[in-house]
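Single-letter residue listing:
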Amino acid sequence: MDTFTIKLPLKISANESYAGMHFTKRARLKQDISIIVRSQTKYQTPNMYKVIFNFFWQKNVPDADNNYLLAKMILDIISGGNDGWQACRGVEYTSDRSYEGFDYVTISVQSLI
């Protein structure tokens, strides 16, 4: 299993996207996330895998399922778009308090082949 950490300088609320976040704002956020992720890792997923996202927030810790939008953006980046059911066989989310002085996500990718 490959594990790596990405510091998160911003938080994306799934609740905000449900409330009608405009497509251009989502596209800009995805571009910002892509720059953040690629500046910290060049990791590429294997051909068949499972992913575990462990999010850590300094304050206002969201429900684990509210992290899905940020996780989806990160998965799109590290998978190079290869995140269909044939490749990505499972995704898990956790959400917890950060005691490190910054927000971050630890990503574990398990190869299934």
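Refer to the structure above for everything that follows.
Criteria and cut-off values
Residues numbered from 1 in each chain as written. Predicted model: local features only at pLDDT ≥ 70, side-chain atom pairs only at ≥ 80, totals over all residues. Heavy atoms only, no water. Pairing = 2+ DSSP bridges. Helix = DSSP H or I, 4+ residues; strand = E, 2+ residues; numbered from the N terminus. Right-handed = clockwise from strand over helix to strand, strands pointing away. Phe/Tyr/Trp six-rings, centres within 6.5 Å; stacked < 30°, edge-to-face > 60°. Buried < 20%, exposed > 50% of the residue type's maximum accessible area, 1.4 Å probe, protein only. Lys NZ or Arg CZ within 6 Å of the ring centre and 35° of its normal.

## Regarding the pairing of strand β3 (residues 88-97)
Step number 1: Sheet topology places strand β2 (residues 49-57) next to β3; nine bridges connect them, and they run parallel. Paired with Y49 across the two strands is C88, which belongs to β3.
Step number 2: Since β2 and β3 lie parallel, the crossover through helix α3 (residues 68-79) that links them has a hand, and here it is right-handed.

## So, the packing of aromatic side chains
Step number 1: A complete count under the given rule lists six aromatic pairs for this structure.
Step number 2: When the centroid spacing of 4.7 Å and the interplanar angle of 15° are considered together, the rings of F56 and Y104 count as stacked. Taken together, the positions of F56 in strand β2 and Y104 in strand β4 (residues 104-111) put the pair 48 residues apart, joining distant regions of the chain. For the pair F56 and Y104, one class covers both residues: buried.
Step number 3: Here the aromatic residues F53, F55, W57 and Y93 are joined through ring pairs into a cluster of three or more.
Step number 4: The ring of F102 has K7 lying over it, and the distance from NZ or CZ to the ring centre is 4.7 Å.

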